[in-house]
Amino acid sequence: MRISPLILTFATLASTNGFTINPLSTVSGVSSTSLNTILPKTTGQSALDPSVIAKYDALPFPEESILAEYVWVDAEGNTRSKTRTLPAAKAESISTLPKWNFDGSSTGQAPGDDSEVILKPQRIFTDPFRPRSDGPKNILVMCDTWTPSGEPLESNSRAVAAKAFEGKEDEEPWFGLEQEFTLFNLDERTPLGWPLGGMPSRPQGPYYCSVGPENSFGRHITDAMYKACLYAGINISGTNGEVMPGQQEYQVGPCVGIDAGDQLMMSRYILQRVCEDFQVYCTLHPKPIVDGDWNGAGMHTNFSTKSMRDDGGIDVIKKAIYKLGAKHEDHIANYGTGNELRLTGLHETASINQFCYGVANRGASIRIGRDTEEEGKGYFEDRRPASNADPYVVTGKIMHTVMEDVDVPEIAPMDKEEA
């Protein structure tokens with residue numbers, strides 16, 4: 001089994017190296033035999049004893065203070081975070097939350113001799129990892145990144161996307177984002193449900209939306225993430241097991257405008273935090289297994305505007321698709337890394353080199369749903385974005401392209417017989 005080299009860039013968990021206690025030694029009068037019944041041979045990779053955690057969870061929070069976890073996106077598109085204590089009154093709205101800063105030289109976002117990066121709060125969520133019932137809730141704060149002089153960082157894709165939506169509130173752009181991901185053991189080489197160093201004995205087919213221990217792997221992780229997102233206030237609308245064993249999906253939306261990026265990015269942060277608790281490795285790589293007949297992972301993006309949802313909206317949808325087709329290469333260049341491994345024309349994808357659309361066609365670049373065709377209004381699905389695509393970039397780029405006042409040639413649909 002060959003693993004795509006790009007998967008290594010998504011490693012975020014600790015090394016699997018540990019230590020073994022000398023069997024003849026003792027620590028504070030406790031024999032190593034007793035210690036080995038408490039700690040595994042490799043430490044730091046199993047959940048702590050719940051009774052130990054409960055002791056600290058039971059401690060009350062100060063009545064007038066809350067914990068605010070400031071979350072941002074680093075230079076590689078991964079989420080980072082740190083915590084601060086704030087007066088509860090400060091957490092009542094974005095406008096009352098203070099800015100903060102961090103060492104950008106440690107995240108690839110600033111040089112060492114001028115390393116301060118400013119965190120500007122943009123969206124508040126309830127913190128599912130520090131729940132409290134004794135007063136004001138602790139919060140997660142989605143931030144974007146700025147220089148001290150007030151300029152957005154080059155990696156601040158949110159600021160760019162915000163400009164694409166600015167002044168277009170009447171369009172009421174709705175997004176629904178389908179986030180696929182793959183769960184691995186901590187060796188970062190073996191997906192959940194796969195034999196060590198090998199492949200499943202059965203091909204794709206029985207794993208999608210499956211039940212049973214021989215088919216479904218990671219349901220408890222996805223369910224935990226689902227509930228945590230709901231508690232946080234994310235508009236997560238569903239989950240399902242995906243086609244490749246160990247692969248899962250959840251959907252966020254409908255969300256309006258820039259909020260789609262905020263919610264999807266925070267959901268990724270929550271997903272990684274849940275994987276910390278379960279001690280599994282999660283990758284957003286679009287093709288983590290490159291050998292064999294296995295599906296990749298995408299971030300299918302459903303989109304509509306008010307005019308698309310109104311009567312006669314199918315004509316508006318088709319004109320938007322023609323515009324997207326005219327800028328196919330530009331969108332592909334911004335739809336995630338490693339996507340060429342996924343968009344091959346196989347496994348429910350269109351070729352990365354050819355733009356096409358069709359009704360109910362999952363082998364097309366863009367799919368129009370059967371209900372949308374029958375009703376003459378609705379939405380379309382851009383199936384090209386990779387699972388590791390930046391949701392700010394994708395949503396902002398779609399909005400910018402379809403709102404352009406340009407004439408482009410029509411594109412004939414791909415009939416299902418041609419798919």
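This one's a predicted model, so the numbers in the text were calculated from it and none came from an experiment. (Residues numbered from 1 in each chain as written. Predicted model: local features only at pLDDT ≥ 70, side-chain atom pairs only at ≥ 80, totals over all residues. Heavy atoms only, no water.)

Asks: What should I look at first to understand the overall build of the protein chain in this one?
Replies: Scanning the protein chain from N- to C-terminus turns up ten helices and 15 strands. Per-residue burial over the protein chain gives 47% buried out of 419 residues. Within the protein chain, contacts between residues separated by at least 24 positions form 67% of all contacts whose residues are at least 6 apart in sequence. About 20100 Å² of surface is accessible on the protein chain, with carbon and sulfur atoms providing 52% of the total. (Helix = DSSP H or I, 4+ residues; strand = E, 2+ residues; numbered from the N terminus. Buried < 20%, exposed > 50% of the residue type's maximum accessible area, 1.4 Å probe, protein only. Contact = heavy atoms within 4.5 Å. Areas by Shrake-Rupley, 256 points an atom, 1.4 Å probe, with all protein chains shown as cover.)

Asks: Teacher, can you tell me more about the pattern of salt bridges here?
Replies: When their charged atoms lie close together, side chains carrying opposite charge are able to pair. Under the counting rule described, the total for this entry stands at 16 salt bridges. With its nearest N and O atoms 2.8 Å apart, the salt bridge here joins Arg-123 to Asp-259. Taken together, the residues span a long stretch of sequence, with Arg-123 in strand 6 (residues 116-126) and Asp-259 in helix 5 (residues 259-278) at a distance of 136 residues. Exposure remark for Arg-123: the relative accessible area of 21% places this residue in the partly exposed category. Here Asp-259 falls in the buried class, since its relative accessible area comes to 18%. Several salt bridges share partner residues, and in doing so they unite Glu-348, Arg-367, Glu-381 and Arg-383 into one network. (Salt bridge = Lys/Arg side-chain N within 4 Å of Asp/Glu carboxyl O.)

Asks: What should I look at first to understand a nonpolar patch on the surface in this one?
Replies: A cluster of nonpolar residues, Val-52, Tyr-56 and Leu-59, forms a patch on the protein surface that exposes about 310 Å² of accessible area. As for its placement among the helices and strands, Val-52 is situated in helix 2 (residues 50-57). (Patch = residues over 30% accessible without salt bridge, like charges linked within 9 Å, V, L, I, M, F, W, Y side chains within 5 Å.)

Asks: Can you walk me through the side chain of Asp-144 in this structure?
Replies: Of note, Asp-144 is situated in strand 7 (residues 139-146). The side chain of Asp-144 sits in the buried core without any salt bridge; Arg-158 is the nearest counter-charge, 4.3 Å away. Within the structure, Asp-144 has its side chain in polar contact with the side chain of Gln-122 (distance 3.0 Å). (Lys, Arg positive; Asp, Glu negative; His and termini not counted. Polar contact = N/O pair within 3.5 Å; in protein donor to acceptor, adjacent residues only side chain to side chain.)

Asks: How should empty space enclosed by the protein be read in this particular structure?
Replies: One water molecule sets the probe size; rolling that probe over the atoms shows where empty space is left. Tallying each qualifying case throughout the model produces three cavities of 30 Å³ or more. Taken as a whole, the largest cavity holds about 60 Å³ of empty space. Val-73, Cys-143, Asp-144, Thr-145, Ser-155, Asn-156, Ser-157, Arg-158 and Tyr-392 are the residues that line the largest cavity. Those elements that provide at least two residues to the lining of the largest cavity are strand 7 and helix 3 (157-165). When residues in the lining of the largest cavity are grouped by element, the largest group, three residues, is from strand 7. The class makeup of the residues in the lining of the largest cavity is three nonpolar, four polar and two charged. (1 Å grid on protein atoms, 1.4 Å probe; cavity = no way out; pocket = protein on both sides within 12 Å on 5 of 7 lines; lining within 4 Å. Points joined across faces, edges and corners; volume = space filled by probe spheres on them. Nonpolar A, V, L, I, M, F, W, Y, C, P; charged D, E, K, R; others polar.)

Asks: Explain helix 7 (residues 313-326) here, please?
Replies: An α-helical turn contains 3.6 residues, so any two residues separated by three or four positions project in the same direction. Spanning 14 residues, helix 7 covers 20 Å between terminal C-alpha atoms, matching the ideal 20 Å at 1.5 Å per step. If you check which residues of helix 7 are buried, you get Gly-313, Ile-314, Ile-317, Ala-320, Ile-321, Tyr-322, Lys-323, Leu-324 and Gly-325. (Expected span 1.5 Å × (residues − 1).)

Asks: Can you help me understand helix 10 (residues 391-403) in this one?
Replies: Relative to the 18 Å expected for 13 residues at 1.5 Å per residue, helix 10 spans 18 Å between its end C-alpha atoms, a close match to the ideal helical length. Along helix 10, the positions that sit buried rather than exposed are Pro-391, Tyr-392, Val-394, Thr-395, Gly-396, Ile-398, Met-399, Thr-401 and Val-402. Put simply, Asp-390 is the residue that caps the front of helix 10, since its side-chain oxygen is 2.8 Å from the backbone nitrogen of Tyr-392.

Asks: Is there a simple way to think about the sheet that holds strand 6 in this case?
Replies: Sheet strands associate in pairs through backbone hydrogen bonding, adopting either a parallel or an antiparallel arrangement. Pairing in this open sheet of five strands is mixed, and the strands run 4-3-7-6-5 from one edge to the other. Both outer strands of the open sheet, strand 4 (79-87) and strand 5 (100-103), are each paired with one neighbouring strand and no more. Taking each pair of neighbouring strands and ignoring which way they run, the sheet shows an average axis angle of 40°. Relative to strand 4, strand 3 (residues 65-73) runs antiparallel, the two being bridged by nine bridges. Pairing of Ser-65 across the sheet is with Pro-87, part of strand 4. Where helix 5 meets the sheet, it contacts strand 3, strand 4, strand 6 and strand 7, and its direction lies at approximately 115° from that of strand 7. (Pairing = 2+ DSSP bridges. Axes fitted to C-alpha atoms, helices over the stretch in contact; angles between N-to-C directions.)

Asks: Which parts of the structure should I look at to understand the confidence of the model for the protein chain?
Replies: Interpretation of the predicted coordinates at a detailed level should be avoided for regions scoring low in pLDDT. Confidence in the prediction for the protein chain averages 90 pLDDT; 87% of positions are at 70 or higher. Every residue in residues 5-46 is under pLDDT 50, and counting partners more than four places away or in other chains gives 50 contacts. (pLDDT = per-residue confidence, 0-100.)

Asks: Sorry, what's going on with the side chain of Thr-349 here?
Replies: Relative to the helices and strands, Thr-349 resides in the loop between helix 8 (328-332) and strand 13 (357-359). One polar contact links the side chain of Thr-349 to the main-chain amide nitrogen of Thr-344, over a distance of 3.3 Å. Discounting chain neighbours no more than four positions away, the residues touching Thr-349 are Arg-342, Leu-343, Thr-344, Arg-362 and Gly-363.

Asks: How should the packing of helix 4 (residues 219-232) against helix 5 be read in this particular structure?
Replies: Their axes nearest at 9 Å, the elements helix 4 and helix 5 cross at an angle of 135°. One element, helix 4, and the other, helix 5, form an angle in the oblique class. Taken as a pair, helix 4 and helix 5 cross one another with a handedness that is right-handed. Here helix 4 contributes His-220, Ile-221, Ala-224, Met-225, Ala-228, Cys-229 and Ala-232 to the contact with helix 5, which in turn contributes Ser-267, Ile-270, Leu-271, Val-274, Cys-275 and Phe-278. A breakdown of the residues in the contact of helix 4 with helix 5 according to their chemical character gives eleven nonpolar, two polar and no charged. (Parallel < 35°, antiparallel > 145°, perpendicular 65-115°, else oblique. Left-handed = near helix turned anticlockwise from the far one by under 90°.)

Asks: When you look at the environment of Gln-247 in this model, what are you seeing that I'm missing?
Replies: Its location among the elements puts Gln-247 in strand 10 (residues 247-256). Discounting chain neighbours no more than four positions away, the residues touching Gln-247 are Phe-181, Thr-182, Gly-241, Glu-242, Asn-295, Gly-296 and Ala-297. For Gln-247, the side chain forms a polar contact with the main-chain oxygen of Gly-296, separated by 3.0 Å.

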